[in-house]
Amino acid sequence: MRALTVDLARAGSLSLEEVPDPVPLPGELLVAGVAVGICGTDREIVRGEFGVGRRLVIGHESLGRVVSGPGFEPGTLVAGVVRRPDPVPCEACARGEFDMCRNGLYTERGITGLDGYASELWTVPAEYAVAVSSFSGVLVEPASVVVKAWERLDRLGFAFDSVLVTGAGPIGLLAALIGVQRGLDVHVFDLAEDGPKPALVSSLGATYHRTLPDCPVVIEATGAPSVVASVLGRELVCLTGVPSPEVVPVDVGQINRDLVLRNGIVFGTVNSNPRHYREASAMLDRADPAWLTSLITRRVPLERFGEAFETRPGDVKVVLEL
């Protein structure tokens, strides 16, 4: 079979290779790959900016069709969970909350220590597979990240009727989708003047801004240090973006003052566990299929895999078809 691999020790080593077909272990599904979503983490890996060691099959935003295995009918569309608990395990992993691993010994499909899903066939333990209903299921992994973000917001017990999402990329738009589904007044900040982003926000029923509106609850999805610095003093801030190094002048004293006087909270979130994947699948099923389809702005065939890792004007979500 063919798989998309990268040598983690060498930048620019992405290649399409023939590799042996996987053999499922007891309790595993054999899955025919349908598609993988491409995100910033994948591009960082390809550029040699993330990961160490061996050659790795890339791809963590998965969609496949079950060939065989326990618990799923053949032909069922599934997404595979990315993270696996560490072998120690830490307190979080021992409770099944391995997305909150405290000692960093976890592994992640297509990212850290485990081959990913960008192959024509892959295997996955049945407990790490989640059924999805359509091609839009390729969005389940990024959707699961924002499902987890909203779950953590709920646990904080704040009451609010509006939310600001900074960034109209896939994570930001999916976060806004959940806000709209919850009946909130949703505002989305991004710098794009044209292209699909303003239209996607508008058709969602949210309000698009090119300057930051004053909203006390923020889901930050740009990863831009200057944007992060501008929202840190607000009442409740969830950080989902991972920024590149950039020195930004920040008045730490003022941020500290604002957080204390507002009883504010700032927290970060990334990755998720099967519970979040299942809720993400249900959330996508409640969404307008046409809106989800328009969120995927490019679908690239496997034979032209290099194009999927290019950044082009008008891109929102790029998907590589297997």
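On a predicted model such as this, the values are computed, not experimentally measured, just so you know.

Caption draft 1: Spatial organisation of helix α3 (residues 140-156). In a regular helix each residue adds 1.5 Å, so 17 residues correspond to 24 Å; α3 covers 24 Å between its end C-alpha atoms and thus fits that length. Judged by how many residues are buried, α3 sits mostly within the fold: 13 of 17 residues are covered. Trailing α3 by a residue or two, Gly157 shows a phi angle of about 80 degrees, which is positive.

Caption draft 2: Layout of the sheet that holds strand β7 (residues 83-84). Taken in spatial order, the three strands make up an open sheet running β7-β8-β9, and their pairing is mixed. In the strand order of this sheet, the two ends are held by β7 and β9 (113-114), each with one partner. Sheet analysis places strand β8 (residues 107-109) next to β9, joined by two bridges and oriented parallel. In the strand pairing of β9, Glu108 is matched with Gly113.

Caption draft 3: Structural detail: the packing of aromatic side chains. Here the structure, examined in full by the defined rule, presents three aromatic pairs. Measuring from centroid to centroid gives 6.0 Å for Phe98 and Tyr128, while their planes differ by 65 degrees, and the two rings are edge-to-face. Separated by 30 residues along the polypeptide, Phe98 in the loop between α2 (91-94) and β8 and Tyr128 in the loop between β10 (121-125) and β11 (129-131) bring together distant segments of the chain. The exposure classification of Phe98 matches that of Tyr128, with both residues buried. A centroid spacing of 4.5 Å and a plane angle of 70 degrees characterise the contact between Tyr117 and Trp122, whose relative ring orientation is edge-to-face. What makes Tyr117 buried here is its relative accessible area of 0%.

Procedures and definitions
Each chain carries its own residue numbering, running from 1 in the written order of its sequence. Only residues with pLDDT of at least 70 are given local features in this predicted model, and only at 80 or more are side-chain atom pairs given and counted; all residues enter the totals for whole chains, interfaces and linings. With hydrogens and water excluded, all non-hydrogen atoms of the structure serve as input to the side-chain values. Helix numbering and strand numbering both begin at the N terminus, where a helix is a DSSP run of H or I of at least 4 residues and a strand a DSSP run of E of at least 2. Multiplying one less than the number of residues by 1.5 Å gives the expected span of a helix. Under the scheme applied here, a residue whose accessible area is under 20% of the maximum for its type counts as buried, over 50% as exposed, and between as partly exposed, the area being computed with a 1.4 Å probe on protein chains only. Note on pairing: DSSP must find at least two bridges between two strands before they are called paired. Here a Phe, Tyr or Trp ring, Trp counted by its six-membered ring, pairs with any other such ring whose centre lies within 6.5 Å, and the pair is stacked when the planes are under 30 degrees apart, edge-to-face when over 60, and tilted otherwise.

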